[in-house]
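This is what each chain is made of:
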Amino acid sequence: MYDQNDLQSAALCAWREARSDASTGMHAVLHVLKNRVGFLGFPKNLHDVIYSKNAFSSMSIPSDAEFNLEPLESNKQDWVMWLAALELAVTVLNTDDADPTGGAHSYDNPKTADSGWFSRVIAGADGNGTPAHPMTIKILHHTFYV
């Protein structure tokens, strides 16, 4: 079971990273967070997974436009997505919720991604993954890789 701080941080990451893809996208991002915990080469706890340098740009890179963004109750659309992210965080992190990403540890939005490293190592030149990191699924704006 994860504590309230973990749930809040995971929800914020999912909200920042995928609210434009509504519940479907946030659900998938939350599974990537969960899939990384303790997996080879990734941190052993959720907090460190979320806040690791360059792992999720909205959470760790101050120049990212989403970095300081917080859901505001006065913005109805953002607030509805925030409440959904909180609910999804509880479901994904504290239950055996089905993983729509096929066990993915990484994802990108090909229209906004600008990391040369990610393209070379994870996504591949064609965006279909590399031999070490095959693509598992495309969900709305995001492509997921193991």
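Residues numbered from 1 in each chain as written. Predicted model: local features only at pLDDT ≥ 70, side-chain atom pairs only at ≥ 80, totals over all residues. Heavy atoms only, no water.

Residue alternation in strand β4 (residues 142-145) divides its side chains into two sets, H142 and F144 and T143 and Y145, and both sets are buried. With three bridges connecting them, strand β1 (residues 106-108) and β4 associate as antiparallel partners. Looking at β4, one finds that Y107 is bridged to F144. When strand β3 (residues 133-139) meets β4, the two strands line up antiparallel, connected through four bridges. Paired with M135 across the strands is Y145, a residue of β4. Here β3 folds back onto β4 in antiparallel fashion, the turn holding two residues, of which L140 has a positive phi close to 50°. (Buried < 20%, exposed > 50% of the residue type's maximum accessible area, 1.4 Å probe, protein only. Helix = DSSP H or I, 4+ residues; strand = E, 2+ residues; numbered from the N terminus. Pairing = 2+ DSSP bridges.)

The next thing to look at is helix α5 (residues 76-94). Over its 19 residues, α5 extends 27 Å from the first C-alpha to the last, a length consistent with the 27 Å expected when each residue adds 1.5 Å. For α5, the complete set of buried residues consists of D78, M81, W82, A84, A85, L88, A89, V92 and L93. The elements touched by buried residues of α5 are α1 (4-18), α2 (22-36) and α3 (46-51). (Expected span 1.5 Å × (residues − 1). Contact = heavy atoms within 4.5 Å.)

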